[in-house]
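Secondary and tertiary structure notes
Each chain, letter by letter, is given below.
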Amino acid sequence: MSNSGGENGVVQQVRELLRKFAEDGVVDPSIVAGSEAASWDRVTPKRVIIATVQIILRLRWESGLSTVERVAPRDVSSIPRGDLLEITKMLLGAEGVVVSDEQIAKKLSLPNVMHILIALFVEESISEEEEEFILSSAVDVCEESLRGGDILRRGVELGPWDISEIDIAGIDLVDMGGIMVPSAPGMSCLPIEVDGEMIAATLVQGDTALQLQAFKANPVTVWNAVRADMISKMRAQGNSAETWVDRAGVEIRATVSVVTEPGVIGTRDIRVLGSDGPGWMLRAVVSGAGASAGGEDDWAYKTFLGAVVVPGALSRGGDVIPLSPPLI
């Protein structure tokens with residue numbers, strides 16, 4: 001997670017804004033203009049507040065509160081319940097929500113989103129340390145959004161995509177059958193096979209490796225269930241593992257034990273990314289420079305977010321979408 005002075009400045013602005021609002025219940029008119037999200041080319045406090053609400057709502061949804069009624073904060077007295085549920089749907093990117101620009105501006109007003117965020121902080125018992133972390137995560141989300149879309153809206157602005165969601169004509173993609181990925185200079189591919197069938201691929205560029213595998217969706221292969229299972233197994237083996245919010249949404253960051261040479265055990269940082277699509281789940285394991293703490297290598301994220309899944313026949317083993325060696 002970047003920790004630049006600019007990010008800290010916005011985080012502190014937001015915290016001060018929320019503190020004053022919680023105490024007084026009003027927004028100082030002199031700071032409203034600088035806090036609004038109308039500026040398309042910079043991260044503003046309002047952008048950060050909205051992104052923070054989106055992150056918490058998505059985490060609540062993925063933790064099992066899988067209805068809008070349950071995900072929305074229980075009581076925001078200043079907002080009618082019907083409006084609160086509609087705002088929650090909008091921020092989750094729920095299908096079937098049709099609103100005008102005027103309605104969006106009204107419902108996502110600065111006071112409304114601050115009321116919602118303060119309520120969520122209380123309900124989730126967010127500590128000051130956790131508050132600073134999640135606001136910093138939201139700043140990263142906003143910065144990435146300025147570079148290429150809102151990561152919380154898979155299939156709308158960014159991928160991973162289903163082949164039915166995107167026109168691939170004119171896009172330089174490496175075709176691996178069940179998965180296609182953006183081409184990149186110097187990228188190589190190591191097929192992973194079981195009984196002569198390619199079930200995954202490890203892509204390598206420079207000092208970063210990205211292992212990709214796609215699965216048919218079912219109750220145990222959705223990203224929420226896979227992530228929880230992987231974290232549980234990693235911790236049971238004595239490794240450290242935690243959830244994290246970054247450019248690809250909710251991911252795993254872990255330090256795992258590896259055999260570096262015969263008889264020698266070392267550790268390796270990894271990141272595990274995941275995304276649910278229509279009828280499938282795509283998982284990626286990042287290692288090397290792209291997984292190191294504070295690493296600036298974002299090729300793995302760009303490749304994952306630009307991936308296209310082509311669901312079809314399943315592997316002989318069952319849930320895996322089979323691949324084929326690419327021509328690169």
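Conventions and cut-offs
- In every chain, residue numbers begin from 1 and rise along the written sequence.
- Two thresholds apply to this predicted model, a pLDDT of at least 70 for residue-level local features and 80 or more for giving and counting side-chain atom pairs, whereas whole-chain, interface and lining totals are computed over all residues.
- Side-chain metrics in this entry use all non-hydrogen atoms of the structure; hydrogen atoms and water are not considered.
- The numbering of helices and of strands both runs from the N terminus, where a helix is a DSSP run of H or I of at least 4 residues and a strand a run of E of at least 2.
- Relative accessibility decides the category of a residue: with a 1.4 Å probe and only protein chains considered, values under 20% of the type maximum give buried, values over 50% give exposed, and everything between is partly exposed.
- Whenever a nitrogen or oxygen atom comes within 3.5 Å of another N or O atom, the pair is scored as a polar contact, on the condition that within protein one atom can donate a hydrogen and the other can accept it, and that pairs from neighbouring residues in sequence are kept only if both atoms are in side chains.
- Contacts were defined at the residue level, with two residues in contact if any of their heavy atoms lie within 4.5 Å.
- By this rule the span expected of a helix is its residue count minus one, scaled by 1.5 Å.
- Arc definition: it is the arc formed by the directions from the helix axis to the C-beta atoms.
- Every residue carries a pLDDT, the predictor's confidence in it, which falls somewhere between 0 and 100.

Mapped onto the elements, Thr 88 comes out in helix α5 (residues 81-92). According to the relative accessible area criterion, Thr 88 is buried, its value standing at 2%. At 2.8 Å, the side chain of Thr 88 forms a polar contact with the backbone oxygen of Leu 84. Once residues within four sequence positions are removed from consideration, Thr 88 is found in contact with Leu 57, Val 68, Val 71 and Ala 72.

Next up on the list: helix α9 (residues 223-236). If you check α9, its first and last C-alpha atoms are 20 Å apart, about what 14 residues at 1.5 Å a residue would give, namely 20 Å. All of the buried residues in α9 are Trp 223, Val 226, Arg 227, Met 230, Ile 231 and Met 234. For α9, the angular spread of buried residues about the axis comes to 130°, placing them on one side. On its buried face, α9 is in contact with α3 (45-62), β7 (240-246), β8 (249-261), β9 (264-277) and β10 (280-288). Note on α9: the residue one or two positions beyond its end, Gly 238, has a positive phi of about 85°.

Averaged over all residues, the pLDDT of the protein is 81; the fraction at 70 or higher stands at 82%. When mean pLDDT is compared element by element in the protein, strand β3 (residues 179-182) scores highest at 96, while helix α2 (residues 29-35) scores lowest at 56. Here residues 94-101 is a poorly scored stretch, pLDDT under 50, and it has seven contacts once near neighbours within four places are set aside; other chains count. In the predicted structure, residues 148-153 sits below a pLDDT of 50 and forms 19 contacts with residues beyond four places in sequence or in another chain.

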